[in-house]
Amino acid sequence: MNKKNDKVYLKIDTRNVDRFATFVKLLYFFLILIIVVLIIGTLFLAGKTIYNYYHNIERRLNPNVLDELEDKYSKDFKIVDVSTDEDGFGVYTLYYKEDKNVIFNVVKDKTTRTIYDDFNYRYKKYYIENCNDANIKNNLRIKENYTEVNGCQILVEYEYWFEISSYNDIETATNNVYALYNYFLNNAKNPYILIVGGIIRQNNYVSNVSFEYGKDKQIFLKEMQNDYSKYF
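Here's a quick rundown of the structure. Throughout this document, residue positions are counted from 1 along each chain, in the order its sequence is written. For a predicted model such as this one, the threshold for reporting local features is a pLDDT of at least 70, and the threshold for listing and counting side-chain atom pairs is 80 or more; totals across whole chains, interfaces and linings nevertheless cover every residue. Hydrogen atoms and water are omitted, and side-chain values are computed over all heavy atoms in the structure.

1. Considering the overall build of the chain
Regarding its fold elements, the chain presents six helices and eight strands. We count a stretch as a helix when DSSP gives it H or I for four or more residues in a row; a strand needs E for two or more, and each element gets its number in order from the N terminus. Walking the chain from its N terminus toward its C terminus, one meets helices and strands in the order α-α-β-β-β-β-α-α-β-β-α-β-β-α. Taken across its 232 residues, the chain has 34% of its residues classed as buried. Carbon and sulfur atoms make up 52% of the accessible area of the chain, which totals about 15900 Å². Per-residue accessibility, obtained with a 1.4 Å probe over protein chains only, is compared with the maximum for each type, and a residue is labelled buried under 20%, exposed over 50%, and partly exposed between these values. Here the open area of atoms and residues is found with the Shrake-Rupley method and a 1.4 Å probe, where only the protein chains shown may cover a residue.

Below you can see the structure in the form of structure tokens.
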């Protein structure tokens, strides 16, 4: 008797294997991509670091006047006159682009590789000298000092204040302060360079009251009187 052989077919489901293979391929791709990005980023940072290193050396050895001033003040300036050597060391005359009437000096010193400027002080000096209020100018005390650098007079100190001798002088002085600060606000492009502390003084007393735009004059006066009374 012949026995019939039955063939048995085994069907294997490879869908999960295919999915896993696809996942491995994608994972490999993203790993390669991440490695490439990291390499590019590392090269970029290394290049930037090297550039900054040599750029800083160059700035120390031969600083650029406009770059240094713009970094220092976050403002734009224009050079109007120079008296320098072939490497750019010497004396510069500039103005502030937003307020062209304010002319100031810069010295780029070759010995110290340092830039000296008097922008802030010249700005203050210009607006004090061009104030037309006789009452302010007659009562304002001014202290200014210069130093000579490479034959150029650099303004290194410019202070102004109202001097009083007693509590009774505070109201007059406060009125002058208020008028002066409003003159700054109405005329200067950057008045807050000009609005300084310690504007009322008596011997060792220096006022600590700050001026705020729009503050009522009577409130300002009261704060000045209270500040004075606390000291004395």
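2. Thoughts on the pattern of salt bridges
Any Lys or Arg side-chain nitrogen located within 4 Å of an Asp or Glu carboxyl oxygen qualifies as a salt bridge. The final tally for this structure, using the stated rule, is eight salt bridges. Between aspartate 118 and arginine 122 there is a salt bridge, and its shortest N-O distance comes to 2.8 Å. Ionic pairing is found between glutamate 144 and lysine 125, a salt bridge with its closest N-O pair at 3.0 Å. Separated by 19 residues along the polypeptide, glutamate 144 in strand β5 (residues 140-149) and lysine 125 in helix α3 (residues 119-129) bring together distant segments of the chain.

3. Comments concerning the pairing of strand β6 (residues 152-163)
Any two strands are treated as partners once DSSP identifies two or more bridges connecting them. Note that β5 and β6 share 10 bridges and pair antiparallel. In the sheet register, threonine 147 faces β6, and the bridge partner there is isoleucine 154. Connecting β5 to the antiparallel partner β6 that follows it, the hairpin turn spans two residues, and asparagine 150 within it adopts a positive phi of roughly 55°. Bridge count between β6 and strand β7 (residues 200-202): two bridges; the pairing is parallel. Paired with phenylalanine 162 across the two strands is isoleucine 200, which belongs to β7.

4. Quick word on helix α2 (residues 65-73)
Each turn of an α-helix holds 3.6 residues, which means side chains three or four residues apart point in the same direction. Every buried residue of α2 is listed here: Val65, Leu69 and Tyr73. The arc that holds the buried residues of α2, viewed along the axis, is 35°, so those residues lie on one side. Contacts are assigned to residue pairs with any non-hydrogen atoms lying within 4.5 Å of each other. Where α2 is buried, its residues touch β1 (77-84), β2 (90-96), β3 (99-109), β4 (114-117) and α3. Think of a polar contact as two N or O atoms within 3.5 Å of one another; within protein, one of them needs to be a possible hydrogen donor and the other a possible acceptor, and neighboring residues in sequence only count if both atoms come from side chains. The distance from a side-chain oxygen at the start of α2 to the backbone nitrogen of leucine 66 is 3.1 Å, and the residue carrying that oxygen is asparagine 64. An arc is given here, and it is the one of the directions from the helix axis to the C-beta atoms.

5. Details of the sheet that holds β7
Read across the open sheet, the four strands follow the order β5-β6-β7-β8; overall the sheet is mixed. Every other strand in the sheet has two partners, leaving β5 and β8 (205-206) as the edge strands with one partner each. Along the sheet, α3 makes contact with β5 and β6, crossing β6 at roughly 55°. Helix axes are fitted only over the stretch in contact, all axes being lines through C-alpha atoms; the angle between N-to-C directions runs from 0 to 180 degrees. This element, helix α5 (residues 170-187), spans β5, β6 and β7 of the sheet and lies at about 135° to β6.

6. So, the environment of aspartate 76
Checked against the element boundaries, aspartate 76 lands in the loop between α2 and β1. Setting aside residues up to four positions removed in sequence, aspartate 76 forms contacts with Glu70, Tyr96 and Lys97.

7. A few points about the sheet that holds β2
Strand order in the open sheet formed by four strands is β1-β2-β3-β4, and the pairing between neighbours is antiparallel. Looking along the sheet, the strands with just one partner apiece sit at the ends: β1 and β4. Averaged over all neighbouring strand pairs, the angle between strand axes comes to 25°, with direction disregarded. Sheet analysis places β1 next to β2, joined by seven bridges and oriented antiparallel. For isoleucine 79, the partnering residue across the bridge sits in β2 and is leucine 94. Each of β1, β2, β3 and β4 is contacted by α3, which is oriented at about 150° to β3, the strand it contacts most.

8. Overview of the packing of aromatic side chains
For Phe, Tyr and Trp, rings pair up if their centres lie within 6.5 Å, where Trp contributes its six-membered ring, and each pair is then called stacked (planes under 30 degrees apart), edge-to-face (over 60) or tilted (otherwise). Counted by the stated rule, this structure contains 24 aromatic pairs. Relative to phenylalanine 119, the ring of tyrosine 96 lies with its centre 5.4 Å away and its plane at 75°, an arrangement referred to as edge-to-face. With a gap of 23 residues between them, tyrosine 96 in strand β2 and phenylalanine 119 in helix α3 connect regions that are remote in the sequence. Relative to phenylalanine 184, the ring of tyrosine 183 lies with its centre 5.6 Å away and its plane at 45°, an arrangement referred to as tilted. Comparing tyrosine 183 with phenylalanine 184, the two get one shared label, buried. Across from the ring centre of phenylalanine 89, 4.9 Å away, lies the NZ or CZ of lysine 108, which sits over that ring. We call a charge positioned over a ring when the NZ of a Lys or the CZ of an Arg lies within 6 Å of the ring centre and within 35 degrees of the ring normal.

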